[in-house]
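Structure at a glance
Next come the chains, spelled out residue by residue.
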Amino acid sequence: MSASVTTDGGSVALAGGPSSGPRTGAVESKSRRSRSTSEKVALVACLTAICVLASSVRLFSVIKYESVIHEFDPYFNYRVTKFLSKEGFYSTWNFFDSFTWYPLGRVIGGTMYPGLIFTAGAVWNLLNWMHIPIDVQEVCVFTAPVFAAFCALATFLFMREVRGSGAGLVSAALISVVPSYISRSVAGSFDLEAVAIFALMFVFFLYVKTLNTGSLAWATGLFFGYLYMVASWGGYSFIVNLLPIHCLACIVFGRVSYKLYVAYAPFVVMGALACMNIPVIGFNAVLMSEHFASFFVFGLLHVVLLVQYTKKCLTPEAFNAAKRATLTFGAVVASAFVLIVVSYVAASPTFGWTGRSLSLLDPTYASKYIPIIASVSEHQPPTWSMYFTDLHVAALLAPAGLIICFMPLTDTSLFLALYGVTAVYFSGVMVRLMLVLAPAVCCLSGLALSEALSYLSQSLVVAADESEKSRTGSGTPAVKQQKDESEVSSAATPSKGKKSGGSAARNAEKTGSPKTKRYFLSIDVVAAGFLSISMLLAMFFRHGVYVSGNMYSSPSIVMQAGGRVIDDFREAYAWMRFNTPEDARIASWWDYGYQTTAMANRTVLVDNNTWNNTHIATVGKAMASSEKAAWDIFESLDADYVFVIFGGLIGYPSDDVNKFLWMVRIGGGEFPEIQESDYLVRARYYRYYRRYY
């Protein structure tokens, strides 16, 4: 059926009839599919660019120096990975290292977190299976930059579940160059954090994904992700305490649901089993106070669900009677249980907490009782300047993101808010935990920037529509529809409809709340807003690249001074390797143990594992004693050579002279005759020999 309309300019044929409806719908459906495909392509392109940026910005150390392992601890990981590549995974689990802690030795499989080493070993084996010849050292050097890209992807997935793809993209872009994370993930930094921060964010993604879906399949994925995290880093204790805090907050706020149960309950049971299967943790997963919070909240969650179920099944009178009987019986059982737990915890001198965990709860604990922990620079509290150096403008935007988490409040946004708050506290206790804070700040800042960009974009659309309306004298249906939608929605691009709980529009639709009147900005203010955000991001990325290239890409094993490259460390280790007997035993301060065994291939008395405080204190006593007394001590330790670092020529700040007071303090912790006051002069200065008067 067709019709025509005759006008002064001629006739225009109009298509009509039953066939026009389906044809128009097909065109609209095709347009939507095309738009969806374009959005997916753009999303993949942005994520690819972010991953390339995250990896490439961490390659300055290789470009400026060479492909070399950095710092001290990575040399142990490199040495064990090298052993794994030759002997296999099973032999590594049972590897007894006689080159360390002479004459005690060390059981490697039972005293290490194997995640990083097994990951690098698996990658090396995969490349060799693909007939790609590569040295183990190259795999170790480039592991951290590759996993930095994976961390950006995990951050995107996490934030997409919290508040949509827009927030995920911005957060991923921020974490790709945030200096705090770069400091432990440059090429050559083959330390546990190289893969642990990725594992941390991936576990968080799996948890919030399970919260949104209530799927046991995702809960199973959460178990395997947590198993990898536990195998990779001792910071898993942050997760095992953060998730109970979130579950407890959901109970307090009345947000208990079957999705929360599916996400949390299997995690507690299977997570404890995962921890127990890592030899370095073992039964500490159920014996140490660090894990008790998860078990307590696990029981509380079941009690709350039981109460809810009983209330539905019984009449109000029967429920009140049952409640009184249950409270009476429960009080007796709970009191007995608390008494048993308190008795068990009180029997431990540290109340069931490890020294490092007590240092987090009491920042002064290590300096009072465990000087060997306090002697490590990364265990010191950070200064205010460190927050701005390592986080830059993200530290200023994070509070805004924290507020937006409550607009509206969902289970996932509550988790992000709790993550940010707890990470801020722990970062203030120890510099090393700035690593845990960096992803939280990037996520909160990404959320704030995403909301700001969304609001500015909507204001720009409304301003353009108003301009078009004033120019033509009438609005269009599309303009009216945009206005109606913009009055409700203020979030970035949603990810999974109701599952993400991200936008105010979906929240309003779900709760049936009325539309909220919103006010939009003029086009001049919008332009100023876009310009300001662009400048902030440009400053942030420029700062991240600068810090990566100039502050965090210098390997401690190779130094620069006066325009010259100082390679004394490797030359000294090479001298030991070629000029001392193969069975020679080297005495040095514990900082150099890993490097000595890895590069000089010689036996050491102590190393960076610091598991035997008495052995280290004995070496500290020798260093703080007179030459004759030190000779006798080293003779009793069966040492053949003493390795001492002095950086007087270039003013190297980390030599043994600058570490001398820590030798005195650690030695004095085991030997009362070593007193720090005997080495001090006018309280501010110290001498390298003991005062005997």
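Residues numbered from 1 in each chain as written. Predicted model: local features only at pLDDT ≥ 70, side-chain atom pairs only at ≥ 80, totals over all residues. Heavy atoms only, no water.

1. A short note on the overall build of the chain
Of the regular secondary structure elements, the chain holds 30 helices and eleven strands. A total of 693 residues make up the chain; the buried ones form 48% of that total. Intrachain contacts of the chain at a sequence separation of at least 6 include 72% that bridge at least 24 residues. Surface exposure of the chain reaches about 33800 Å², of which carbon and sulfur atoms provide 65%. (Helix = DSSP H or I, 4+ residues; strand = E, 2+ residues; numbered from the N terminus. Buried < 20%, exposed > 50% of the residue type's maximum accessible area, 1.4 Å probe, protein only. Contact = heavy atoms within 4.5 Å. Areas by Shrake-Rupley, 256 points an atom, 1.4 Å probe, with all protein chains shown as cover.)

2. Brief notes about the sheet that holds strand 7 (residues 585-588)
Judged by pairing direction, the sheet is parallel, and its three strands sit side by side in the order 8-7-9 without closing on themselves. Two strands close off the open sheet at either side, each with one partner strand: strand 8 (603-604) and strand 9 (641-643). Looking at chain direction, strand 7 and strand 8 are connected through two bridges and run parallel. Bridging from a neighbouring strand, isoleucine 586 pairs with valine 604 of strand 8. (Pairing = 2+ DSSP bridges.)

3. Regarding the packing of aromatic side chains
Per the counting criterion, the structure on display carries 30 aromatic pairs. Ring centres of phenylalanine 202 and phenylalanine 205 lie 5.8 Å apart, and the angle between their planes is 40°; on these two criteria the pair is classed as tilted. Of this pair, phenylalanine 202 and phenylalanine 205 both sit in helix 9 (residues 193-213), three residues apart, which is roughly one turn of the helix. Of the residues examined, phenylalanine 205 reaches a relative accessible area of 5% and is grouped as buried. Between phenylalanine 205 and tryptophan 218, the ring centres sit 5.8 Å apart and the planes meet at 80°, which makes this aromatic pair edge-to-face. Within this pair, whereas phenylalanine 205 is found in helix 9, its partner tryptophan 218 is found in helix 10 (residues 216-232), the two being separated by 13 residues in sequence. By the ring-pair criterion, three or more aromatic residues cluster together here, those being Phe158, Phe204, Tyr207, Phe238, Phe415, Tyr419, Tyr425 and Phe426. (Phe/Tyr/Trp six-rings, centres within 6.5 Å; stacked < 30°, edge-to-face > 60°.)

4. Thoughts on helix 6 (residues 136-163)
Over its 28 residues, helix 6 extends 41 Å from the first C-alpha to the last, a length consistent with the 40 Å expected when each residue adds 1.5 Å. Approximately 40° is the largest bend angle found in helix 6, and it occurs at threonine 143, with the proline proline 145 only one to four residues beyond. Most of helix 6 sits out of view: 21 of its 28 residues are buried. The distance from a side-chain oxygen at the start of helix 6 to the backbone nitrogen of glutamine 137 is 3.0 Å, and the residue carrying that oxygen is aspartate 135. Immediately downstream of helix 6, the backbone of glycine 164 shows phi near 110°, a positive value. (Expected span 1.5 Å × (residues − 1). Bend = angle between axes of the 7 residues up to and from the residue. Polar contact = N/O pair within 3.5 Å; in protein donor to acceptor, adjacent residues only side chain to side chain.)

5. So, the pairing of strand 7
Residue alternation in strand 7 divides its side chains into two sets, Arg585 and Ala587 and Ile586 and Ser588, and both sets are buried. Two strands pair when backbone bridges link them, and strand 7 and strand 9 are joined in this way by three bridges, in the parallel orientation. Bridge pairing in strand 9 places isoleucine 586 opposite tyrosine 641.

6. As for the pattern of salt bridges
Per the counting criterion, the structure on display carries 15 salt bridges. Here glutamate 193 makes a salt bridge to arginine 184, at a shortest N to O gap of 3.4 Å. Here the two residues glutamate 193 and arginine 184 agree in accessibility, since each one is buried. Its salt-bridge partner being lysine 621, residue glutamate 673 comes within 2.9 Å of it at the nearest N-O pair. Of the two residues, glutamate 673 is situated in the loop between helix 30 (660-670) and strand 10 (680-681) and lysine 621 in helix 28 (residues 613-623); the sequence distance between them amounts to 52 residues. Take glutamate 673: its relative accessible area is 36%, and that puts it in the partly exposed class. Three or more residues joined by partner-sharing salt bridges are found here, namely Arg184, Asp191, Glu193 and Arg432. (Salt bridge = Lys/Arg side-chain N within 4 Å of Asp/Glu carboxyl O.)

7. Digging into the nonpolar core
In this structure, Phe158, Phe204, Tyr207, Ile239, Leu416, Tyr419 and Tyr573 are the most contacted members of the largest nonpolar core, which totals 174 residues. Residue contributions to this core peak at 15 residues, all from helix 9. Contacts of tyrosine 419, omitting those with residues within four sequence positions, involve Leu200, Met201, Phe204, Phe238, Leu242, Val436, Pro439 and Ala440. (Core = buried A, V, L, I, M, F, W, Y, C linked by side-chain atoms within 4.5 Å.)

8. Topic: a nonpolar patch on the surface
Residues Leu126, Trp129, Met130 and Ile132 make up a contiguous nonpolar surface patch of about 450 Å² in total accessible area. Residue placement: tryptophan 129 occurs in helix 5 (residues 115-129). (Patch = residues over 30% accessible without salt bridge, like charges linked within 9 Å, V, L, I, M, F, W, Y side chains within 5 Å.)

9. Let's talk about the packing of helix 9 against helix 22 (residues 434-472)
As a packed pair, helix 9 and helix 22 sit with axes 10 Å apart at the nearest point and diverge in direction by 40°. When the axis of helix 9 is compared with that of helix 22, the two are oblique. Crossing of helix 9 over helix 22 shows right-handed handedness. Between helix 9 and helix 22, the residues in contact are Glu193, Ile197 and Met201 and Leu435, Pro439 and Cys443, respectively. A class-by-class count of the residues in the contact of helix 9 with helix 22 yields five nonpolar, no polar and one charged. (Axes fitted to C-alpha atoms, helices over the stretch in contact; angles between N-to-C directions. Parallel < 35°, antiparallel > 145°, perpendicular 65-115°, else oblique. Left-handed = near helix turned anticlockwise from the far one by under 90°. Nonpolar A, V, L, I, M, F, W, Y, C, P; charged D, E, K, R; others polar.)

10. Brief notes about unusual backbone geometry
Residues tyrosine 102 and proline 103 are joined by a peptide bond in cis, for which omega reads 0°. If you trace the backbone, proline 103 turns up in the loop between strand 3 (96-97) and strand 4 (106-107). Across the junction of methionine 407 and proline 408, the peptide omega takes the value -5°, indicating a cis bond. Backbone geometry places histidine 392, a non-glycine residue, at a positive phi of 55°. Mapped onto the elements, histidine 392 comes out in the loop between helix 19 (384-391) and helix 20 (394-404). For asparagine 601, which is not glycine, the phi torsion reads 60° and is therefore positive. Assignment of secondary structure puts asparagine 601 in the loop between helix 27 (593-600) and strand 8. By relative accessible area, which is 32% here, asparagine 601 ends up partly exposed.

11. Details of helix 28
Buried residues dominate helix 28, accounting for eight of its eleven residues. Taken residue by residue, helix 28 has His615, Ile616, Ala617, Thr618, Val619, Gly620, Ala622 and Met623 as its buried positions. Contacts made by the buried residues of helix 28 are with helix 18 (371-374), strand 7, helix 29 (627-636), strand 9 and helix 30.

12. As for the packing of helix 6 against helix 9
In contact at an axis separation of 8 Å, helix 6 and helix 9 are set at 20° when each is read in the N-to-C sense. Accordingly, the angle class assigned to the pair helix 6 and helix 9 is roughly parallel. Where helix 6 crosses over helix 9, the two elements pack in a sense that is left-handed. On the side of helix 6, the interface is formed by Thr143, Ala144, Phe147, Phe150, Cys151, Ala154, Thr155, Leu157, Phe158 and Glu161, while helix 9 contributes Ala194, Val195, Ile197, Phe198, Met201, Phe202, Phe204, Phe205, Val208, Lys209 and Asn212. Here the contact of helix 6 with helix 9 is built from residues that sort into 16 nonpolar, three polar and two charged.

13. Describing the side chain of serine 67
One can find serine 67 in the loop between helix 2 (60-64) and helix 3 (73-87). Polar side-chain contacts of serine 67 include one of 2.8 Å to the side chain of glutamate 138. In this structure serine 67 touches Val62, Gln137, Glu138, Val141 and Phe142, once residues within four positions along its chain are discounted.

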